[in-house]
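Structural characterization, general
Below, each chain spelled out in residue letters.
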Amino acid sequence: MSEKIYYTKEHEWVRVEGNIATIGITDFAQSQLGDVVFVELPEAGRDLKAGEAAAVVESVKAASEVYAPVSGKVTQANAALADSFSLINEAPESDGWFFKLELANAGELGGLMDRAAYDAFVKEHA
Amino acid sequence: MTETPKYTPLYDLHVKLGGRMVPFAGYAMPVQYPAGILKEHAHTREAAGFFDVSHMGQAFLDGMDGDVAAAFETLAPGDVAGLAPGRQRYSVLLNDEGGIMDDLMVARAAPALGQNRLFLVVNASMKDADFAHIETKLRGRATLTRLDDRALFALQGPKAAAVLARHATGVEALAFMETGVFDIAGVRCFISRSGYTGEDGFEISVPAAAARELAEKLLAEPEVAPIGLGARDSLRLEAGLCLYGHDIDAGTSPIEAGLAWVIAKRRRQAGDFPGAGRILKELAEGPARRRVGILPEGRAPVREGAEILNEQGDRIGVVTSGGFGPTVNGPIAMGYVSPAFAAVGTPVQLMLRGKAVAGRIAALPFTPHRYVK
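Residues numbered from 1 in each chain as written. Chains lettered and ligands numbered in written order. Predicted model: local features only at pLDDT ≥ 70, side-chain atom pairs only at ≥ 80, totals over all residues. Heavy atoms only, no water.

Regarding its fold elements, chain A presents four helices and nine strands. Expected size for 126 residues packed as a compact globule is a radius of gyration near 14 Å; at 14 Å, chain A falls within 12% of this value. Projecting the C-alpha coordinates of chain A onto the three principal axes gives extents of approximately 35 × 35 × 25 Å. When burial is assessed residue by residue, chain A has 48% of its 126 residues classed as buried. (Helix = DSSP H or I, 4+ residues; strand = E, 2+ residues; numbered from the N terminus. Rg over C-alpha atoms; globule rule 2.2 N^0.38 Å. Buried < 20%, exposed > 50% of the residue type's maximum accessible area, 1.4 Å probe, protein only.)

All names here are of chain B. In terms of burial, helix H7 (residues 229-238) is largely enclosed, as nine of its 10 residues are buried. Of all the positions in H7, only Leu 229, Gly 230, Ala 231, Arg 232, Ser 234, Leu 235, Arg 236, Leu 237 and Glu 238 are classed as buried. Against strand S1 (20-24), strand S2 (27-32), helix H2 (37-46), strand S3 (48-52), strand S16 (315-325) and strand S17 (330-337) lie the buried residues of H7. In the stretch just after H7, Gly 240 is the one whose phi turns positive, near 70 degrees. (Contact = heavy atoms within 4.5 Å.)

Bringing the packing of aromatic side chains into the picture now. Aromatic ring pairs are reported here in terms of the distance separating the ring centres and the angle at which the planes meet. For the structure on display, the rule yields nine aromatic pairs over all chains. Seen from their ring centres, A:Tyr7 and A:Tyr118 are 5.1 Å apart, and the 15 degrees between their planes marks the pair as stacked. Taken together, the residues A:Tyr7 in strand S1 (residues 3-7) and A:Tyr118 in helix H4 (residues 115-125) connect sequence positions 111 residues apart. Accessibility assignment for this pair places A:Tyr7 and A:Tyr118 in one class, buried. Ring centres of B:Phe176 and B:Tyr371 lie 4.2 Å apart, and the angle between their planes is 15 degrees; on these two criteria the pair is classed as stacked. (Phe/Tyr/Trp six-rings, centres within 6.5 Å; stacked < 30°, edge-to-face > 60°.)

When two helices pack together, their arrangement is given by the angle between their axes and by how far apart the axes lie. Residues and elements named next belong to chain B. Contact geometry for H2 and H7: axes closest at 8 Å, N-to-C directions at 55 degrees. The orientation of H2 relative to H7 falls into the category oblique. As for the relative orientation of H2 and H7, their crossing is right-handed in sense. Every residue of H7 that contacts H2 at Ile 37, Glu 40, His 41, Thr 44 and Arg 45 is listed here: Gly 230, Ala 231, Ser 234, Leu 235 and Glu 238. Within the contact of H2 with H7, the residues separate by chemical class into three nonpolar, four polar and three charged. (Axes fitted to C-alpha atoms, helices over the stretch in contact; angles between N-to-C directions. Parallel < 35°, antiparallel > 145°, perpendicular 65-115°, else oblique. Left-handed = near helix turned anticlockwise from the far one by under 90°. Nonpolar A, V, L, I, M, F, W, Y, C, P; charged D, E, K, R; others polar.)

Here we come to the interface of chain B and chain A. Each partner contributes to the interface: chain B provides 15 residues, whereas chain A provides 15 residues. Approximately 1,300 Å² of surface area, both sides summed, lies buried where chain B meets chain A, with 52% of it carried by carbon and sulfur atoms. Considering only the side of chain B, the residues that lose the most area to chain A are B:Arg20, B:Arg303 and B:Arg353, jointly responsible for 43% of the buried surface there. In this assembly, chain B and chain A are joined by three salt bridges. Note that B:Arg303 and A:Glu58 form a salt bridge whose closest N and O atoms lie 2.6 Å from each other. When residues of the side of chain B that touches chain A are traced back to their parent elements, those giving at least two are S2 and H2 of chain B. Among the elements that make up the side of chain B that touches chain A, the one with the highest residue count is H2(B) (three residues). Its residues assigned to classes, the side of chain B that touches chain A shows six nonpolar, three polar and six charged. (Buried area = accessible area lost by both parts, 1.4 Å probe. Salt bridge = Lys/Arg side-chain N within 4 Å of Asp/Glu carboxyl O.)

Residue and element names in this part refer to chain A. The sheet built from three strands is open, its strands ordered S4-S6-S7 with antiparallel pairing. Looking at which strands have only one partner, the edges of the open sheet turn out to be strand S4 (36-40) and strand S7 (63-67). Taken over all neighbouring pairs, the strand axes of this sheet differ in orientation by 25 degrees on average, direction set aside. Where strand S6 (residues 53-59) lies against S7, five bridges are found, and the strand directions are antiparallel. From the neighbouring strand, Ala 55 faces S7, where its bridge partner is Val 66. (Pairing = 2+ DSSP bridges.)

One finds B:Tyr90, B:Ile100, B:Phe119 and B:Ile248 to be the most contacted residues of the largest nonpolar core, which totals 39 residues. When residues of this core are traced back to their parent elements, those giving at least two are strand S5 (88-94), strand S6 (100-108), strand S7 (117-122), strand S9 (150-156), H7 and helix H9 (276-285) of chain B. Here B:Ile248 is in contact with B:Tyr90, B:Ile100, B:Asp103, B:Cys242, B:Leu243, B:Ala257 and B:Tyr336, once residues within four sequence places are set aside. Core analysis: the second largest hydrophobic core is formed by 32 residues, A:Val70, A:Leu87, A:Leu112 and B:Ala300 among them. (Core = buried A, V, L, I, M, F, W, Y, C linked by side-chain atoms within 4.5 Å.)

Here it is as structure tokens:
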């Protein structure tokens, strides 16, 4: 199955395989947050609208909201994070994913960035 | 508010060390270095952490005719007159309503620093206001000299004494809350055995011109790592120490804040300090609220501003500092509650993002103080 990865200006990534999107935060985002000590994830079955607060990630310093980059129904939250929040620092773009959702409107992906555009965005705003 | 930040003499060194610089009390300060807050915190508890606290206010206060300590006692409730030369105390400046204008360290200067002189260290965010207040109130009795040409370091942790003794001969003999004048690499430094982490350690006042050189000497020691403001905050919170502007402010009395011990016995009997009416009444009858430690259940940090409810859901107080305690390995908080709910072990609820999280009142500090005996 082919997969494609999109990025947001809120420093999230969206990996799409078929109709399922996996969502996490980028390496740049985790480096800005610092050590993650807690994460609150959405429950399976919850309907999220693009732009809606979906998760909370807490570093030692502060709490940050993670927004749903696209709309859809949550199918799974990453259970591995419950035992090891440090996965978000160590492997933010792989094992440290936050949640998966079933896309409600694949057209929303068109408004997101590809890696090259995201890297340029970070360079410009960092 | 966008003002040009001020820089401490170690700004370039922080940048070189990879410090992430953030605005704090008008200064560009490192919130963390590449190691990160958790490692920096643990390093301070296990070895020795180096902190740049040059943004804090340092000053000499010199008496004119009478004892400078007697003059200073008109602004603060401590026994300053009873300080032997070189001895230091934690104290507070009080307003006329008995509220805390700032908390500070006051030392009677060691003989080598001068006679009839106090050495003050106050919070960065309050230093201009504090110094103006002291100058105004003590005009004709004492002269304040700001030491803006001096940097201030803190070296904190169980290995701090062994490290510093390599550079400042005899410094290991200082008692807790004792100060002295020592040479480090031929530079005259004012050193006190004190700090803001709950660990043994020192605060070291050095001439700004020598700050970079002396900081690099200490950082070159294998036990020493640079520590940012992030870990400074988590260390002091675990140690149950107040952060001015958060846990205490101009409306808070020392009695509410659990700082009754800063009101010396002689001063209570005399009632000769600002706001004595309120403070003596609170000592006798109890205050309307008390500062407490709080242990939230679970893993979610509960932060400043969170409401505290009793088991029935009535509001009984508010969190004033909260976050993750790396040594505790869980969320910790401090706040104020009605005295009826201040006993250790009392169950409470904490409002977090619209949901109630269970917790209980806990003894402070969260991690035992390890000051030198």
